[in-house]
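Given next are the chains, with one letter for each unit.
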Amino acid sequence: MAKEIDRQRAQGALAVIKQHPGMVLFALSPVLLAFGVVWWLFGAGWAAVLLIAAVVGGGAAVLMKRG
């Protein structure tokens, strides 16, 4: 039953993204701004490290919240 709930949440999130892409872009704008500033100041390598750290950190936060 837990997988059904996760599937419902995922479908709900995808529905929000499809219906309101501007809202999603607005919510992600601080991360995109930080990514752009790091790229501009330190180069693409450090921006890639920041992107990987953000993805891993976000995934860890989701997994810790679920457990």
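Residues numbered from 1 in each chain as written. Predicted model: local features only at pLDDT ≥ 70, side-chain atom pairs only at ≥ 80, totals over all residues. Heavy atoms only, no water.

Colleague: Lay out the overall build of the chain in plain terms, naming residues and giving numbers.
Modeller: A count of helical and extended segments in the chain gives 3 helices and 0 strands. Listing each helix as α and each strand as β along the chain from the N terminus yields α-α-α. The C-alpha radius of gyration computed for the chain amounts to 15 Å, which surpasses the reference 11 Å derived for 67 residues by more than 25%, pointing to a less compact arrangement than a globule. The dimensions of the chain, computed from C-alpha atoms along their principal axes, are 45 × 30 × 15 Å. The 67 residues of the chain split such that 3% are buried. When the accessible area of the chain is evaluated, it comes to approximately 5,900 Å², of which 75% is carbon and sulfur surface. (Helix = DSSP H or I, 4+ residues; strand = E, 2+ residues; numbered from the N terminus. Rg over C-alpha atoms; globule rule 2.2 N^0.38 Å. Buried < 20%, exposed > 50% of the residue type's maximum accessible area, 1.4 Å probe, protein only. Areas by Shrake-Rupley, 256 points an atom, 1.4 Å probe, with all protein chains shown as cover.)

Colleague: Kindly report on helix α2 (residues 21–42), identifying the contributing residues and their values.
Modeller: With 22 residues, α2 extends 29 Å between its outermost C-alpha atoms, agreeing within 8% with the 32 Å of an ideal straight helix rising 1.5 Å per residue. Of the residues flanking the end of α2, it is G43, one or two places downstream, whose phi is positive at about 105°. (Expected span 1.5 Å × (residues − 1).)

Colleague: Before we move on, can you summarise the packing of α2 against helix α3 (residues 44–66) with the specific residues and values?
Modeller: Contact pair α2 / α3: the axes reach a minimum separation of 7 Å and the direction vectors enclose 150°. As summarised for this structure, α2 and α3 are arranged roughly antiparallel, according to the angle between their axes. For the crossing formed where α2 meets α3, the hand is right-handed. Counting all contacts with α2, which are made through A34, F35, V38, W39 and F42, the residues of α3 involved are A44, W46, A47, A48, L50 and L51. Tallied by class, the residues present in the contact of α2 with α3 amount to 11 nonpolar, no polar and no charged. (Axes fitted to C-alpha atoms, helices over the stretch in contact; angles between N-to-C directions. Parallel < 35°, antiparallel > 145°, perpendicular 65-115°, else oblique. Left-handed = near helix turned anticlockwise from the far one by under 90°. Contact = heavy atoms within 4.5 Å. Nonpolar A, V, L, I, M, F, W, Y, C, P; charged D, E, K, R; others polar.)

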